[in-house]
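If you want the building blocks of each chain, they are given just below.
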Amino acid sequence: MTGNESQISKLKGNLMMSDNINSFVVIPARYASTRLPQKMLLCETGKPLIQYAYEAAVKAQLPIGVTVATDHAEIFAAVQGFGGQVVMTSPDAKSGTDRVAEVAANRPDVDIFVNVQGDEPEMMPMAVDQVIQLLVDHPDVPMATLCTPIRNRKQLESPACVKVVRDNHLRALYFSRSVIPHPRQWSDDMLTAEPPLFYLHLGLYAYRRDFLLQMGALPQSSLETTESLEQLRVIAHGYPILCGTTEHNSTGIDTPADYAAFVTREKNQGN
């Protein structure tokens, strides 16, 4: 049994624990994108980019539903075109989290909301179930996310790849675009260490509804503005973020090169 199969089996065995807790997936999809204009609508593979994240999310077993939250009519039409659920949110929303919160404000029947990044087309459905299960299993934690081991030095040193360090209870201590922990002396053996030394943070969050609705009122911290990482606001205000581990590395699409590499992978899978 592979690592991913083992995780899937364990999750399936725990699904009954979530029967009295409703969870819901929201995929925020902003039209404007600085480095890759209109990326949610790119469709060189035959599908718009946003469709991949949606199709993965609806295969998860725990959520009662999935919707895209967008600010633009073209994305709205594209999602309807492939049969997906979609809602319009305020064009003034400052972040994807704000779009998820806007949906949450109208869904008092949902206990846990999952923020799935629309630009991560290779996300696994089991990741959605895993991040929900973290909050089910730890009722004292308001927010959860996932990370995966880093085994490549180029990825480790890339500012586009957000790293996370955790305490012994798997709660995030810090997120950074820099290398953390930062070795005083480098050794290639660090990339193969067990347990892993370096972790890549994946763009997937689960929040308890009440906490999600409060997040927007938290003042930005200097950590958040310096690193340009919204989750640092949560840590700066003393709230715990539980960070589970998955072996599957889901790569975000931020640049034309990222998208070209994804298109190549998709075409190779089809051969």
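Scroll up a little and you will see the structure.
Everything quoted here is computed from the prediction, not taken from an experiment.

Engineer: Account for the pairing of strand β8 (residues 199-208), with residues named and values stated.
Structural biologist: Where burial is concerned, most of β8 is hidden: 9 out of the 10 residues are buried. Here 5 bridges tie strand β4 (residues 112-116) to β8, and the two strands are oriented antiparallel to one another. Within β8, the position partnered with N115 by the bridge is Y205.

Engineer: If you had to explain the nonpolar core to someone new, which residues and values would you point to?
Structural biologist: Counting 45 residues, the largest nonpolar core has I27, V68, V114, V116, V128 and L204 as its most contacted members. Secondary structure elements with two or more residues in this core: β1 (23-29), α2 (49-58), β2 (66-70), α3 (73-81), β4, α5 (125-137), β5 (143-149) and β8. By residue number, the principal contributor to this core is α5, which donates 7 residues. Apart from residues no more than four positions distant in its own chain, V68 is found in contact with I27, A29, I50, Y54, I75, V79, Q85, V86 and V87. Judged by nonpolar contacts, the second largest core, of 27 residues, contains M143, L229, L232 and I235.

Engineer: For the packing of aromatic side chains, give the residues involved together with the corresponding values.
Structural biologist: All chains considered together, the criterion is met by 7 aromatic pairs. Judged by centre distance (5.1 Å) and plane angle (90°), the rings of Y52 and F262 are edge-to-face. With a gap of 210 residues between them, Y52 in helix α2 and F262 in helix α10 (residues 256-270) connect regions that are remote in the sequence. One exposure class covers both Y52 and F262, and it is buried. A connected cluster of aromatic rings, assembled from ring pairs, spans Y52, Y259 and F262. Its end group placed over the ring of F24, R107 keeps NZ or CZ at 4.7 Å from the ring centre. The ring centre of Y199 lies 4.4 Å from the NZ or CZ of R166, which sits over that ring.

Conventions we followed
- Residues numbered from 1 in each chain as written.
- Predicted model: local features only at pLDDT ≥ 70, side-chain atom pairs only at ≥ 80, totals over all residues.
- Heavy atoms only, no water.
- Buried < 20%, exposed > 50% of the residue type's maximum accessible area, 1.4 Å probe, protein only.
- Helix = DSSP H or I, 4+ residues; strand = E, 2+ residues; numbered from the N terminus.
- Pairing = 2+ DSSP bridges.
- Core = buried A, V, L, I, M, F, W, Y, C linked by side-chain atoms within 4.5 Å.
- Contact = heavy atoms within 4.5 Å.
- Phe/Tyr/Trp six-rings, centres within 6.5 Å; stacked < 30°, edge-to-face > 60°.
- Lys NZ or Arg CZ within 6 Å of the ring centre and 35° of its normal.

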